[in-house]
Amino acid sequence: MAALNIQKGASSHSAYDLRDPNAEIIESHTLAVLVDNEAGVLARVIGLFSGRGYNIDSLTVAEVDHLGHRSRITIVTRGTPAVIEQIKAQLGRIVPVHEVHDLTVEGPSVERELGLFKVSGKNEKRVEALRIAEIFRASVVDSTLESFVFEITGSPEKLDAFADLMRPLGLADQARTGVAALTRGT
Amino acid sequence: MSREMTGARMVIEALRDQGVDTVFGYPGGAVLPIYDEIFQQNDIKHILVRHEQGAVHMAEGYARSTGKPGVVLVTSGPGATNAVTGLTDALMDSIPLVVLTGQVPTFLIGTDGFQEADTVGITRPCTKHNWLVKETDELAATIHKAFHIATSGRPGPVLIDIPKDVQFATGEYVGPKQIETPSYQPVKKGDLATITRLVELMETARRPILYTGGGVINSGTGASQLLRELADAAGFPVTSTLMGLGAYPASGRNWIGMLGMHGLYEANMAMHDCDLMIAVGARFDDRITGRVADFSPGSVKAQIDIDPSSINKVIRVDLPIVGDVGHVLEDLLKVWKSRGRKTNAEAVRAWWTQIEQWKARNCLAYRNSDQVIKPQYALQRLQELTAGRNPYIATEVGQHQMWAAQFLHFEDPNHWMTSGGLGTMGYGLPASIGAQVAHPDALVINVAGEASWLMNMQEMGTAVQFRAPVKQFILNNERLGMVRQWQQLLHGERYSQSWSESLPDFVKLAEAFGCKGRTVSDPAELDDAIREMIEYDGPFILDVLVERHENCFPMIPSGKPHNEMLLGEASTDGAITGAGGALV
Ligand SMILES: Cc1ncc(C[n+]2csc(CCOP(=O)(O)OP(=O)(O)O)c2C)c(N)n1
Ligand SMILES: [Mg+2]
């Protein structure tokens, strides 16, 4: 209203100032979260991300210590540095979460993803697909007269590049595992 | 020594071993075995509520006023879903609760059985942690773990979902000392180097302020004691959030009042202009900060909090200290004393002079009337007539809540129960009953708005049944006052749905419930009515008909900085400048 000098389009007449006052650069971080492998733990982690509006670019989970009932969740997420800090603190607050590692800041790490790509085509396209697969060191895990399924392991970027090249050659379907990551060295 | 018993008995056994004396609950098919055990014992008192939301708020009132966890027992399905608002309320305000819900038998889970609900799924985001117990052998250990998690670190509500067959089956009971140490062990001690750095800043600060919150109260009475010692020894001004009222006494010489959206002018101005802000168990809620970009622009900020996620969430702080408030304040005092108790006394004296000038604006001033009761006046009289009795005060949510925070004086921690984070209308009446059950001889008053009060008014039956002589002090403006105020100030005076139409006759309502009521509208009669309410031996509803269109000031409109407050017309002119001033 006029007396309060609220500008048109401003959100300050609502209960909250909806504009992010400190919009900063968006960073991508890979987090490794060690959790008790108990019922609902994945739902807690995912619920945290959806409930607080954080991004998940990739998520993988598997038990890594059978005796200790521990699972490792690898999450690739995006946000401003402040949001990344919040995500880590919020993850740390979940009762069955034991450790939260930010592999992006904790030093060099390896990130790998496995992808299956189905490419359908004939003639030169088929030959070209095989040739590119060789360059990427993808292996053929299924083949018919008109299709291949390639398996490839590498960084997410490598898999993206492979998919881009296969698209004009008849990429019909793909399945990807999401990122698994570990720090390098001892 | 482990003993064989049914799951239902284990529940009672475990509660007893955890020192529980009261359970707030409501029975139903999925908890009948536990109710059967309740019937056969006398150690634990069961308060039968009228609605499960009431049970959770009562447990909150019990927990807030005692520092002990509140315990709730409800049935599956609707019993559990009715508890959700209370759980969310407790999560937002960090109130320790252990909520037990019945569940359909394990073999029916997933079949859309009668009164089946995915209780752990529904309550996952509104509990600190929750469990579905599928084996009777694990039940006792889970309950003990639940108490540990609810009460350690940043407290909060936890929930245990217990299928009916697990209650019937037998298993091995383990006591609290027999379970393996839970892996959940939040850090209590703060980092000494950072604490020392804070002491150095305290020694030179020219305009320091202690900004305290509910964390001080959650940390225990010792923490309030240490806060008082620190503030008084250093001579630093103390302000508090809504949740922290009572940690530092209102009569203390360093008290400058509550801060925030409806906080005091002097408190908000001091926050804006300080050069050292020490946040103690406070989390920079949006009701506190106003526009984040302009929040206290010139200060070095230190924050003591047990929850690392509270640090740097909204406001970047320079000195984060993760730890329990009590432990950190103890170390802080030790280090400060060992270095010679230094402060920049001269500068701090000048700072106080400035604060006194702000105080002189008299920001809570209002125009009184001899025709109609002003809500502020009603609270001033309530304060006056209950002084010395150290009452427990609960509130509902709205203007009356803010006026209560402004006009009542809190001298001790754990005497103030209000829904801060969630702002739950309907909280106050059940919370007052919970506090009264915990303190049967104390004076317990719920400062209510008529609209909020109606939201859980069924609990008046609980108060009467259990002889909880709670006093319901209803500031009846026949309006959803806070909504009306926002509509007046921010939505062009279009009063959309903010009337309380067809209100009940509160006196007859009191009589219908079997207690006593009185209506008062003449300011000259107010004292007599308040005295009658206090002296009446039983629950009492005082319907105070107040000025309908009074606004609650000061007010920082959302998205405005602290130094752009709206003040009431009765306070000293000139405090706000420009367009904002034209408003009032
Ligand atoms: C459960 C719930 N619903 C809606 C609101 C929004 N709300 C906040 S204050 C308020 C009006 C409260 O009216 P009343 O209890 O009479 O208090 P008053 O402001 O008049 O003192 C409303 C509707 C809320 N806080 N809680
Ligand atoms: Mg009202």
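Residues numbered from 1 in each chain as written. Chains lettered and ligands numbered in written order. Predicted model: local features only at pLDDT ≥ 70, side-chain atom pairs only at ≥ 80, totals over all residues. Heavy atoms only, no water.

### A short note on the coordination of the magnesium ion (ligand 2)
All names here are of chain B.
Point 1. Around the magnesium ion (ligand 2), the protein supplies Glu450 (OE), Glu450 (OE), Asn477 (OD1) and Arg479 (O) as donor atoms, at distances of 2.1 to 2.8 Å.
Point 2. Taken together, the 6 donor atoms coordinating the magnesium ion (ligand 2) span angles of 50 to 173° at the metal, a pattern that classifies the geometry as irregular.
Point 3. For the magnesium ion (ligand 2), the donor residues sit on a single chain with the sequence spacing E-x26-N-x1-R. Taken together, the residues span a long stretch of sequence, with glutamate 450 in helix H19 (residues 450–455) and arginine 479 in the loop between strand S18 (471–476) and helix H21 (481–490) at a distance of 29 residues.
Point 4. Glutamate 450 gets classed as buried once you look at its relative accessible area, which sits at 1%. (Donors = N, O, S within 2.8 Å, 3.2 Å for Na, K, Ca; no water. Tetrahedral: all angles 85-135°; square planar, octahedral: opposite > 155°, others 65-115°. Helix = DSSP H or I, 4+ residues; strand = E, 2+ residues; numbered from the N terminus. Buried < 20%, exposed > 50% of the residue type's maximum accessible area, 1.4 Å probe, protein only.)

### Here we look at the pattern of salt bridges
Point 1. All told, the structure shown has 34 salt bridges over all chains when counted by the stated rule.
Point 2. A salt bridge links A:Arg176 to A:Asp160, with the nearest nitrogen and oxygen atoms 2.8 Å apart. Here A:Asp160 lies in helix H4 (residues 156–166) and A:Arg176 lies in strand S8 (residues 171–176), a separation of 16 residues in the sequence.
Point 3. Given the relative accessible area of 37%, A:Asp160 is considered partly exposed.
Point 4. Salt-bridge contacts for B:Arg518 lead to B:Asp528; the nearest nitrogen and oxygen are separated by 3.1 Å. (Salt bridge = Lys/Arg side-chain N within 4 Å of Asp/Glu carboxyl O.)

### Observations concerning the domain arrangement of chain B
Residue and element names in this part refer to chain B.
Point 1. Assigned domains of chain B: these are domain 1 (3–178), domain 2 (192–359) and domain 3 (375–545).
Point 2. Averaged C-alpha coordinates put domain 2 and domain 3 at centres separated by 31 Å.
Point 3. Contacts between the two partners involve 18 residues from domain 2 and, on the opposite side, 17 residues from domain 3.
Point 4. When domain 2 packs against domain 3, close to 1,400 Å² is buried across both sides, 65% of that on carbon and sulfur atoms.
Point 5. On the domain 2 side of the contact with domain 3, Leu242, Leu245 and His262 bury the most area, a combined 39% of that side's loss.
Point 6. The tally of links from domain 2 across to domain 3 stands at 0 salt bridges.
Point 7. At the junction of domain 2 and domain 3, the tally comes to 5 residue pairs in polar contact (both at pLDDT 80 or more).
Point 8. Ranked by the residues each element gives to the side of domain 2 that touches domain 3, the list is headed by helix H11 (residues 221–234), at 3 residues. (Domains from an automatic or database assignment. Contact = heavy atoms within 4.5 Å. Buried area = accessible area lost by both parts, 1.4 Å probe. Polar contact = N/O pair within 3.5 Å; in protein donor to acceptor, adjacent residues only side chain to side chain.)

### Focus on the nonpolar core
Residues and elements named next belong to chain B.
Point 1. Among the nonpolar cores identified, the biggest contains 106 residues, and Leu379, Val447, Phe473 and Val544 are the most heavily contacted of them.
Point 2. Of the residues that make up this core, three or more belong to each of domain 2 (192–359) and domain 3 (375–545).
Point 3. Once you skip the residues sitting within four places of it in the chain, valine 447 turns out to touch Leu379, Leu382, Ile393, Ala394, Thr395, Glu396, His400, Ala404, Leu408, Phe473 and Leu475. (Core = buried A, V, L, I, M, F, W, Y, C linked by side-chain atoms within 4.5 Å.)

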